[in-house]
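Letter by letter, the chains look like this.
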Amino acid sequence: MMAALSVNDANTGAVVVDHPRVVRGGTRRRKQLRHLLLPALHALQREAGWISPGGLNFVGRTLGVPPAEAYGVATFYEMFRTEAPAHELSVRHVCVDPICALAGAARLAENLRSQGHATHEGPCLGQCERAPAVFIQGRREPDRVPDDEHGPDSLLVSVTAGSPDAPSLLRHMLDAPAGSAEAASMEAYRARGGGDALEAALRLGPDEVISQISSSGLSGRGGAAFPTGIKWRAVADGDGPKHVVANIDESEPGTFKDRLLCERDPLAIIESITVAGLVVGAAQGWIYIRGEYPLATQRLRHAIAQARLEGWLGDDAAGSGRPFDIDLRRGAGAYICGEETALFNSLEGYRGEPRNKPPFPTTHGLFGRPTVVNNPETLLNVIEILRIGPEAYRSVGTEDSPGTKLFCLSGHVGRPGLYEAPFGTPLGELLSLAGGVQGTLSAVLLGGAAGSFVGSDALELPLSLEDTRSAGTTLGSGPVMVFNDSADMGSVIERLAKFFSDESCGQCVPCRVGTVRQHEIVTEIRRAGAPTGSQRLLLDDIAGAMGDASICGLGHTAASAVLSGMQLGLLGGDES
Amino acid sequence: MTSSNGSIGSQVTVSIDGQEVSVPEGQTILAACTAAGVETPTICWAPNLTPVNVCRVCVVEVEGSRTLVPACSRPAADGMQISTDSERVRHSRRMVLEFLGSANDLSQAAEIAEWSQHYGADAGRYAAALSDESETAVEIAHVDDPVRVQDDLYIRAYDRCVLCYKCVEACGDDAQHTFAIAVAGRGFDARIRTEYDVELPESACVYCGNCVAVCPTGALQFRTEFDLRAVGEWRPDDQEVTRTVCSYCGVGCNLELHTQDERIVKVTSPADHSVTSGHLCIKGRFGWQYVHAPAFEPPATESAAADSTET
Ligand SMILES: Cc1cc2nc3c(=O)[nH]c(=O)nc-3n(C[C@H](O)[C@H](O)[C@H](O)COP(=O)(O)O)c2cc1C
Ligand code: SF4
Ligand code: SF4
Ligand code: SF4
Ligand code: FES
Ligand code: FES
């Protein structure tokens, strides 16, 4: 076996890698600066409005990336154009996913266009609580979100914030208004106990921290619910250079929690990544944040700068005697890059195509090194565990799903927003907390596009990992999209099917072709009014192959919303 | 990764459809299947390329695994219980073949056609299920791409391309290290492309033809074959294969000259040849025209000329 070596050179940012090949394309020799490809493409796009051949060649030559490969990368992302635009304008991205569609996204896009704005319809922008959503991709100006400047404050509610001994991720955010500079002020953060978790982690030592995480029963909040303690243990046990990655790609339709966490409590995110890094013995931390989150990005960058000043990051991170630093990378519009191994490829400057697992990230992650990748909600839970201890942490939630969950409520509820509630809270109670269903409930989409529809008979369903699993549905990353009987459910389902065919990376046959066939059949069913027997059979057959033979979770879940919708009779015809 | 902790040279034993078989540690499930005499369909796998496990036609059921597992890339591990012919396996294999058949022109992919028949893939049922006589019925998407004939050496017909990545691998890390082509775009619109789709002669391509040699569908095709097919004269059954050594340099690449009607129509190299692993350079691959040049006729010799002037 080849000796593995990876060095982060602080001066050049070069990453020299020597490990068994896990990525297609590019030689070892060419990899040294390749992880700068995505930032370079962002810069070209912003300055020129597209990735021109001259620009691409220059970047390719500088970074040692062959032009055909750089072109392959550029064409992977929604935010990059490889043809010259006919205008000099910033581009307005309008979300046309279900919640925004209900809120009049089509009309909004039409209006923007008629006002002369360059307008692009695309998938969920992670602002579902204030639908319809717009994101402006700047041309020679910074990207921005109009609602960040003059929209209403997003609503945050926490059931557990009132009891100091219970875990609550939102506690401190509830008092600070969204626009306040306080969110990013180290002084204010320290005054409310910021930094304590880092100190505790250093005092307790890696083994004790990991054992507390394990006994707290914390599981990942990014959708797959993998036990965090096991993940951290495996990476801590690995040798050589390691990485920790905060996965803030948040592109699951209906999900906006990570955006709000980063905007409202950026220093806590940085502290939690630092804890992760020092506990598992990584020298480098990374934030991969979706490109459509300019405010969260800006606040996180500011927080990183402050953390450096505070001494948390640097050669002697938080006085640990070991180096740790954090780099931030922006995605460029690709849902699949939230899948952990696609994220690694994207960050390394390759196409965001998932890798086959095994090997798993804990042994072969970023740059082929042992890597902890976590959702920011997971990371913030670690801070709470260190604050109150595993026992108090377990006092909330269910035996098998301890702690709280952040739920993103959107659609036909009284008060859309971010809700923190103990695992096991019944669906109906959560809806009541959010002001109840507006009108007559038709269906709730749990878990987003990758989740499934439940009907009004599911209001008693406890929202825990185990209960949703045995009910054949999922919490995913926490989206709860509510539709009343005024919603055209057929069009909602058709859009979800389209979402998957748009977002499939195209690598494996079951998903590349299966998502397209699924969308065609759903479109035809809607046109005709109800599914035929052969169409039902086809959808089942497609679902079987995508679920069983696809490479990654996108393909595995691409049929679940469609099938559950059909079973509830939302596509016309009988319930089945 | 699971592995027995034996040293180099140790064996692992797996069960394939109830039959025990041992293979050296590190070998794939596919190798174990072959050792057990179980034939496995493959599209994106080749013996001389790193497995990319993207086509998923080789999937098998491994006890304890939630989803099916690609045989071509997953290392066999001691004690694995593998089924290669369960209902789940047959279903996914059939669907992969059917999906490809519904999206691509597979008329020149003989092996895929055989497997499609074996698994009862019916690529027509998608169109059938969508058309109900009405004119507004949805049509099924197909990979369309005009054939690219940009030089005298090989053509690219991407409507036949199943995106197996073999050409990309052969042009890149696995053989040529030229990186002239890559996958561009995403999802169903993903295609093999040079940068900005510039014509091949404008690209980094050095015309080694290694991509053509590994293409399983005829999407990449030597110009000789393309031209013969166009006039209905491509007759593989009438072709002879002669093994020889390339005469250009001292490396010793073995060549297989495919001849039809006593003319060379294609040059390949055996994938298991120790020098080439099946890969060649432009000279060995394409530099054979001289063989068919008109026989050398000596010009009037110098001495004859000299003779005549000397007098
Ligand atoms: C298509 C797809 C998209 C995903 N997107 C995200 C995402 O945006 N954020 C996230 O944290 N996890 C996402 N995941 C899950 C990650 O692969 C991974 O499980 C997670 O980041 C691990 O963190 P956790 O253990 O803290 O949940 C996605 C998975 C798939 C299959
Ligand atoms: S399942 Fe879909 S998204 Fe995942 S690797 Fe395959 S094609 Fe790409
Ligand atoms: S002929 Fe050789 S260099 Fe040209 S694209 Fe094919 S593999 Fe690459
Ligand atoms: S052109 Fe041929 S070798 Fe290349 S990806 Fe397509 S089918 Fe595979
Ligand atoms: S922002 Fe439109 S659905 Fe999420
Ligand atoms: S041959 Fe195994 S996935 Fe293609």
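Thresholds applied
- Residue numbers run consecutively from 1 along every chain, following the written order of its sequence.
- Whichever chain is written first becomes A and whichever ligand is written first becomes 1, with later ones labelled in order.
- Predicted model: local features are reported for residues with pLDDT of at least 70 only, side-chain atom pairs are reported and counted for 80 or more only, and whole-chain, interface and lining totals are derived from all residues.
- Hydrogens are left out, water is left out, and the side-chain values use all remaining heavy atoms of the structure.
- Comment: elements are numbered from the N terminus, with helices defined as DSSP H or I runs of at least four residues and strands as E runs of at least two.
- Exposure is judged per residue with a 1.4 Å probe applied to protein chains only, and the accessible area is read against the type maximum: over 50% gives exposed, under 20% gives buried, and values in between give partly exposed.
- The charge count includes Lys and Arg as positive and Asp and Glu as negative, but it does not include His or the ends of the chains.
- We count a salt bridge whenever a side-chain nitrogen from Lys or Arg sits within 4 Å of a carboxyl oxygen from Asp or Glu.
- Note on definitions: a residue-residue contact is assigned when non-hydrogen atoms from the two residues lie within 4.5 Å.
- Any residue with at least one heavy atom within 4 Å of a molecule or strand is counted as near it.
- Asp, Glu, Lys and Arg are counted as charged, while Ala, Val, Leu, Ile, Met, Phe, Trp, Tyr, Cys and Pro are counted as nonpolar; the rest, among them Gly, fall into the polar class.
- pLDDT measures how confident the predictor is about each residue, on a scale from 0 to 100.
- Under the rule applied, a polar contact is a pair of N or O atoms within 3.5 Å (in protein, one hydrogen donor and one hydrogen acceptor; residues adjacent in sequence only if both atoms are side-chain atoms).
- Accessibility throughout is a Shrake-Rupley quantity obtained with a 1.4 Å probe, and a residue counts as covered only by protein chains that appear here.
- Buried area, as used here, totals the accessible surface that two parts lose on assembly, with accessibility defined by a 1.4 Å probe and the loss added over both.
- Segmentation of the chain into domains, including their bounds, is taken from an automatic or database domain assignment.
- In short, DSSP must find at least two bridges between two strands for them to pair.
- Note on geometry: axes are C-alpha line fits, over the in-contact stretch for helices, and angles between N-to-C directions span 0 to 180 degrees.
- The span expected for a helix works out to 1.5 Å for each residue beyond the first.
- If an angle is under 35 degrees, it is roughly parallel; if it is over 145, roughly antiparallel; if it lies from 65 to 115, roughly perpendicular; otherwise it is oblique.
- Handedness of each helix crossing follows the sense of rotation of the near helix against the far helix: counterclockwise by less than a right angle gives left-handed, clockwise gives right-handed.
- Here, nonpolar core refers to any group of buried Ala, Val, Leu, Ile, Met, Phe, Trp, Tyr and Cys residues whose side-chain atoms link them within 4.5 Å.

Colleague: Please explain the side chain of glutamate 195 of chain B as it appears in this structure.
Modeller: Of note, glutamate 195 of chain B is situated in the loop between strand S8 (191-193) and helix H6 (210-214). No salt bridge is formed by the buried glutamate 195 of chain B, whose closest oppositely charged neighbour, arginine 156 of chain B, lies at an N-O distance of 9.1 Å. Excluding its chain neighbours within four sequence positions, the residues that come into contact with glutamate 195 of chain B are Pro67, Ala68 and Tyr71 of chain A together with Ala180 and Ser203 of chain B.

Colleague: Can you walk me through the site of ligand 2 in this structure?
Modeller: The immediate surroundings of ligand 2 are formed by 13 residues, with Cys505, Gln507, Cys508, Cys511 and Cys552 of chain A found nearest. Of the residues contributing to the shell around ligand 2, the split by class is eight nonpolar, five polar and no charged.

Colleague: Just checking my understanding: could you explain the confidence of the model for chain A for this structure?
Modeller: Low pLDDT means the predicted coordinates in that region are not meant to be read closely. A residue-level look at chain A finds 93% of positions with pLDDT of 70 or above and a mean pLDDT of 93. Contacts from residues 25-29 of chain A, a stretch scored under 50 in pLDDT, to residues over four places away or in other chains number 18 contacts.

Colleague: How should the pattern of salt bridges be read in this particular structure?
Modeller: For side chains of opposite charge, pairing can occur when their charged atoms come near one another. In total, this model carries 56 salt bridges over all chains according to the counting rule given. A salt bridge links aspartate 105 of chain B to arginine 160 of chain B, with the nearest nitrogen and oxygen atoms 3.9 Å apart. Of this pair, aspartate 105 of chain B sits in the loop between helix H2 (87-103) and helix H3 (110-118) while arginine 160 of chain B sits in the loop between strand S6 (154-156) and helix H5 (166-171), and the two are 55 residues apart along the sequence. Here the residues in one salt-bridge network are Arg221, Lys257, Asp258, Glu377 and Lys405 of chain A, joined through shared partners.

Colleague: Can you help me understand the site of ligand 1 in this one?
Modeller: All names here are of chain A. Around ligand 1 lies a shell of 20 residues, among which Gly222, Lys231, Asn374, Asn375 and Thr378 are the nearest. The backbone of glutamate 340 places a nitrogen or oxygen atom 3.0 Å from an oxygen atom of ligand 1. Contact between ligand 1 and asparagine 375: an oxygen atom at 2.8 Å from a side-chain N or O atom of the residue. In the complex, 90% of the free accessible area of ligand 1, which totals 600 Å², lies under the protein chains.

Colleague: Sorry, what's going on with the interface of chain B and chain A here?
Modeller: In many analyses, interface size is given as the accessible surface area lost on bringing the parts together. On the side of chain A, 62 residues touch chain B, which itself brings 59 residues to the contact. At the boundary of chain B with chain A, total buried surface from both sides reaches about 4,800 Å², with 57% on carbon and sulfur atoms. Taken as a group, Phe179, Arg186 and Tyr196 of chain B account for 19% of the area that chain B buries against chain A, more than any other trio of residues on that side. In this structure, the connection of chain B to chain A is made through five salt bridges. In this structure, aspartate 541 of chain A engages arginine 94 of chain B in a salt bridge whose closest nitrogen and oxygen atoms are separated by 4.0 Å. Across the contact surface, chain B and chain A share 26 residue pairs in polar contact (both at pLDDT 80 or more). For the side of chain B that touches chain A, the elements supplying multiple residues, two or more each, are H2, helix H4 (125-130) and strand S7 (182-184) of chain B. Looking at the side of chain B that touches chain A, the element that brings in the most residues is H2 of chain B, giving ten residues.

Colleague: What is the right way to read the domain arrangement of chain B from this model?
Modeller: Residues and elements named next belong to chain B. Domain boundaries assigned for chain B yield domain 1 (11-85), domain 2 (90-133) and domain 3 (154-292). A separation of 26 Å is found between the C-alpha centroids of domain 2 and domain 3. Opposite the eight residues of domain 2 that make contact, domain 3 presents ten residues. The junction of domain 2 with domain 3 conceals about 720 Å² of combined surface from both sides, 49% of it contributed by carbon and sulfur atoms. By the criterion of area lost to domain 3, the three top residues of domain 2 are Asn104, Asp105 and Gln108, representing 67% of everything that side buries. Summed over the shared surface of domain 2 and domain 3, the result is one salt bridge.

Colleague: So what exactly am I meant to see when it comes to the sheet that holds strand S12 (residues 263-268) of chain B here?
Modeller: Strands in a sheet are paired, the pairing made by backbone hydrogen bonds, and the direction either parallel or antiparallel. All names here are of chain B. Read from one edge to the other, the open sheet built from three strands follows the order S10-S11-S12, with strand pairing classed as antiparallel. Both outer strands of the open sheet, strand S10 (240-245) and S12, are each paired with one neighbouring strand and no more. In this sheet, neighbouring strand axes are inclined to one another by 30° on average, regardless of whether the strands run parallel or antiparallel. Sheet analysis places S10 next to strand S11 (residues 254-260), joined by six bridges and oriented antiparallel. From the neighbouring strand, threonine 242 faces S11, where its bridge partner is leucine 257.

Colleague: How should helix H1 (residues 37-48) of chain A be read in this particular structure?
Modeller: In an α-helix, one turn spans 3.6 residues, which is why side chains three or four residues apart end up on the same side. Residues and elements named next belong to chain A. Its twelve residues place the ends of H1 16 Å apart at the C-alpha level, agreeing with the 16 Å of an ideal helix rising 1.5 Å per residue. Structurally, H1 contributes buried residues whose contacts are with helix H2 (53-63), helix H3 (67-74), strand S5 (134-137), strand S8 (284-289), strand S9 (325-330) and helix H15 (340-347). Phi turns positive one or two residues past the end of H1, at glycine 49, with a value near 80°.

Colleague: Looking at this model, I keep getting lost on the pairing of S11 of chain B. Mind explaining?
Modeller: The buried count for S11 of chain B comes to six of seven residues, which makes it a mostly enclosed element. Between S11 of chain B and S12 of chain B, which pair antiparallel in sequence order, lie two residues; one of them, aspartate 261 of chain B, sits at a positive phi of approximately 50°.

Colleague: Looking at this structure, how should I read the packing of helix H12 (residues 257-264) of chain A against helix H14 (residues 294-310) of chain A?
Modeller: Describing two packed helices takes the angle between their axes plus the distance from one axis to the other. Residue and element names in this part refer to chain A. Orientation of H12 relative to H14, taken along the N-to-C sense of each, is 40°, at an axis distance of 8 Å. The angle between H12 and H14 places the two elements in the oblique class. Between H12 and H14 lies a crossing of left-handed hand. Along the contact surface, H12 presents Arg259, Cys262 and Glu263, while H14 presents Leu295, Ala296, Arg299 and Leu300. Considering only residue class, the contact of H12 with H14 consists of four nonpolar, no polar and three charged.

Colleague: Sorry, what's going on with the nonpolar core here?
Modeller: With 197 residues, the main nonpolar core has Tyr77, Trp232, Ile287 and Phe453 of chain A together with Tyr154 of chain B as its most contacted residues. The element contributing the most residues to this core is helix H13 (residues 266-280) of chain A, with ten residues. Filtering out sequence-adjacent residues up to four positions away, tyrosine 77 of chain A remains in contact with Leu38, Tyr288, Ala332, Gly333, Ala334, Cys337, Ser346, Tyr350 and Gly352 of chain A together with Arg186 of chain B.

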